[in-house]
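Summary of structural features
Single-letter residue listing:
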Amino acid sequence: NATDREQSCERLAEAIRRQREPEAWCFAAPCSLADVLSLDARDAFEAEAFAVVGDWLDAAVRTRAAWTNAPRAARFPRLAELVAQVPELQALRDRLVATLDGDGRVRDGASPALARARRGIADGERTLHRQLERWAAAHGADSYVTRAGDRFVALVPAAGFSRRLGIVHDTSNSGQSLFVEPLESCEANNRLIELRAEAGEEERRILRELAAEVRAVAPELESLEHVLALLDALRACAVWAVEFGGVAITPGGTQLRLVRACHPLLAMGERRAQVVPLDLELGEGGRLLLITGPNMGGKTVLLKTVGLSVALAHAALPVLVAEGSAVPVLDALHADLGDEQSVDQGLSTFAGHLLALKAMAEAAGPGTLLLADELGAGTDPEEGAALGRALVEHPLTRAVGFTGS
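In this report, we go over the structure that sits alongside the text.

1. Notes on the nonpolar core
If you look at the biggest cluster of nonpolar residues, it comprises 54 residues, and the most contacted ones within it are Phe50, Val53, Trp67, Leu92, Leu221 and Leu231. Those elements giving two or more residues to this core turn out to be α1 (2-19), α2 (34-37), α3 (47-66), α5 (77-84), α6 (90-99), α7 (112-137), α8 (186-216) and α9 (218-244). The dominant element in this core, judged by the number of residues it contributes, is α9, at 10 residues. Non-local contacts of Leu92, meaning those with residues more than four positions away in its chain, are made with Val53, Leu57, Glu213, Val214, Val217 and Leu221. Within the second largest apolar cluster, 21 residues are counted, among which are Ala261, Leu278, Ala313 and Val319.

2. Section: the packing of aromatic side chains
In total, this model carries 4 aromatic pairs according to the counting rule given. Pairing Trp135 with Phe161 gives two aromatic rings, centres 6.1 Å apart and planes at 80°, and the pair type is edge-to-face. In this pair, Trp135 sits in helix α7 while Phe161 sits in the loop between β2 (151-157) and β3 (166-171), placing the two residues 26 residues apart along the sequence. The class of Trp135 is buried, set by a relative accessible area of 13%. Look at Phe161 and you get buried, because its relative accessible area is 7%. Here Trp240 and Phe244 contribute two aromatic rings whose centre-to-centre distance is 5.5 Å and whose plane-to-plane angle is 45°, an arrangement assigned as tilted. Highlighted residues: Trp240 and Phe244, both in helix α9, separated by 4 residues, approximately one helical turn. The partly exposed category is assigned to Trp240, whose relative accessible area is 22%. Looking at Phe244, the relative accessible area reads 17%, which means it is buried. Three or more aromatic residues joined by ring pairs make a cluster, and in this case those are Trp25, Trp67 and Phe76.

3. Points about the pattern of salt bridges
The full count for this structure, using the stated rule, is 22 salt bridges. Measuring nitrogen to oxygen at the nearest pair gives 3.7 Å for the salt bridge that ties Glu21 to Arg72. Within this pair, whereas Glu21 is found in the loop between α1 and α2, its partner Arg72 is found in helix α4 (residues 70-75), the two being separated by 51 residues in sequence. For Arg72, a relative accessible area of 14% gives the class buried. If you follow the salt bridges from partner to partner, you end up with Arg95, Glu202, Arg205, Glu209 and Glu213 in one network.

4. Some details on the environment of Asp373
Examined against the element boundaries, Asp373 turns out to sit in the loop between β9 (368-372) and α13 (381-397). C-alpha separation for the pair Asp373 and Lys304, spaced 69 residues apart in sequence, amounts to 9.7 Å. Among the polar contacts made by the side chain of Asp373, one reaches the side chain of Thr300 at a distance of 2.6 Å.

5. Examining the pairing of strand β1 (residues 144-148)
Here 5 bridges tie β1 to β2, and the two strands are oriented antiparallel to one another. Note that in β2 the partner of Ala148 across the bridge is Arg151. Where β1 folds back onto β2 in an antiparallel hairpin, the turn is made up of 2 residues, including Gly149, whose phi is positive at roughly 70°.

6. Here's the deal with the packing of α1 against α9
At a minimum axis separation of 8 Å, α1 and α9 run at an interaxial angle of 60°. Our pair here, α1 against α9, has a crossing hand that is right-handed. Side by side, α1 and α9 meet where Arg11, Leu12, Ala15, Ile16 and Gln19 of the first sit next to Leu230, Leu234, Arg235, Cys237, Ala238, Val239, Ala241 and Val242 of the second.

7. Observations regarding the side chain of Glu202
Mapped onto the fold, Glu202 is located in helix α8. Look past the residues within four positions of Glu202 in its chain and what remains in contact with it is Ser111, Ala113 and Leu114.

8. Looking at α9
For α9, which comprises 27 residues, the first-to-last C-alpha distance of 39 Å matches the rise-based estimate of 39 Å (1.5 Å per residue) to within 8%. Of all the positions in α9, only Ala218, Leu221, Leu224, Glu225, Val227, Leu228, Leu231, Leu234, Cys237, Ala238, Ala241 and Phe244 are classed as buried. Looking one or two residues beyond α9, the residue adopting positive phi is Gly245, at roughly 85°.

9. What to know about the packing of α6 against α8
Contact geometry for α6 and α8: axes closest at 11 Å, N-to-C directions at 165°. In terms of their interaxial angle, α6 and α8 are classed as roughly antiparallel. Seen along the crossing, α6 lies across α8 with a hand that is left-handed. Counting all contacts with α6, which are made through Leu92, Arg95, Leu96 and Thr99, the residues of α8 involved are Ile206, Glu209, Leu210, Glu213 and Val214. Class assignment of the residues belonging to the contact of α6 with α8 gives a composition of 5 nonpolar, 1 polar and 3 charged.

Calculation criteria
- Residues numbered from 1 in each chain as written.
- Predicted model: local features only at pLDDT ≥ 70, side-chain atom pairs only at ≥ 80, totals over all residues.
- Heavy atoms only, no water.
- Core = buried A, V, L, I, M, F, W, Y, C linked by side-chain atoms within 4.5 Å.
- Buried < 20%, exposed > 50% of the residue type's maximum accessible area, 1.4 Å probe, protein only.
- Helix = DSSP H or I, 4+ residues; strand = E, 2+ residues; numbered from the N terminus.
- Contact = heavy atoms within 4.5 Å.
- Phe/Tyr/Trp six-rings, centres within 6.5 Å; stacked < 30°, edge-to-face > 60°.
- Salt bridge = Lys/Arg side-chain N within 4 Å of Asp/Glu carboxyl O.
- Polar contact = N/O pair within 3.5 Å; in protein donor to acceptor, adjacent residues only side chain to side chain.
- Pairing = 2+ DSSP bridges.
- Axes fitted to C-alpha atoms, helices over the stretch in contact; angles between N-to-C directions.
- Left-handed = near helix turned anticlockwise from the far one by under 90°.
- Expected span 1.5 Å × (residues − 1).
- Parallel < 35°, antiparallel > 145°, perpendicular 65-115°, else oblique.
- Nonpolar A, V, L, I, M, F, W, Y, C, P; charged D, E, K, R; others polar.

Take it as geometry only, folks, not as evidence of what the structure does.
Pasting the structure below:
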């Protein structure tokens, strides 16, 4: 509606002005929260999922911090109003930081039980490793401690080794060495496996609880993502506008006035320095504009520039025009700018144009902008001229803005 469009255009205008000032003013995360929040409630989140949530929470903190300057916020009230809508989920952020490290691994201090289990694993592995080193040393200088699956073993020469001294888990590729678990190490290995299982179960419990906390504030997270994404989109538009000279236009009034307008693709091209901007005005004094000129004179580009400028303004996107430009509020924009030939529908070039122009004639009205290229082309010149005249006169009887070539 008109209110939303006006608000969006005002936000864009503020974003362009803010982008011209130093320092970043909004932040966002590269991944969407939708996939995370849609996970089955019975599932525990993986580290990557928590990382996505953490990234969005961090972006929210940084964005709010960028707007702590009261005078600056006062100069950009629409943007500051958006930032104020970002939910504060500091408790969840603190919980994530306290529970997970930078790699997504559950921290030792996430729970006393996990801390005990991991201390037991670390102490047990050190003790068992030293025990096995002493045992392996008695079987030759080439023997060393390694692992076979979850169990600590020693690699010893196969020749002359008494199988009664331990459990053989595997052999080397050459068959010259054995991976042996000494019988006296079995109990310590078993204990380590039990401790790892305890630690794994405790980690899963912690992650399930953390996932439940995330799901409990899912509406707030969705709102946070929505506002930050909107700010990021405004920032992207502002970056483009600052680079190429775009402005925000709030549709209103009855006049279409474009000052030094450029087609975005031309302005972004390699020959941007050679682009000639256009000035155009349609309003109460004249609601029809006919454009004539030689082939390759820029008539079609002009029509496309007009249509695109109007559409961009209504979409609250930057328009490549100079200050002083204005766009009226339009209900519809219809254009016939190209070849509507359709083999599958049995339409010739001329028939395709007729269908497009028929739709334009039916849609003609005070709030409609019609753009037509090469009126009456594709048929006998006299018949085409009569058709073109009729298509020009009909919209004028309905007080419609019409531009054609």
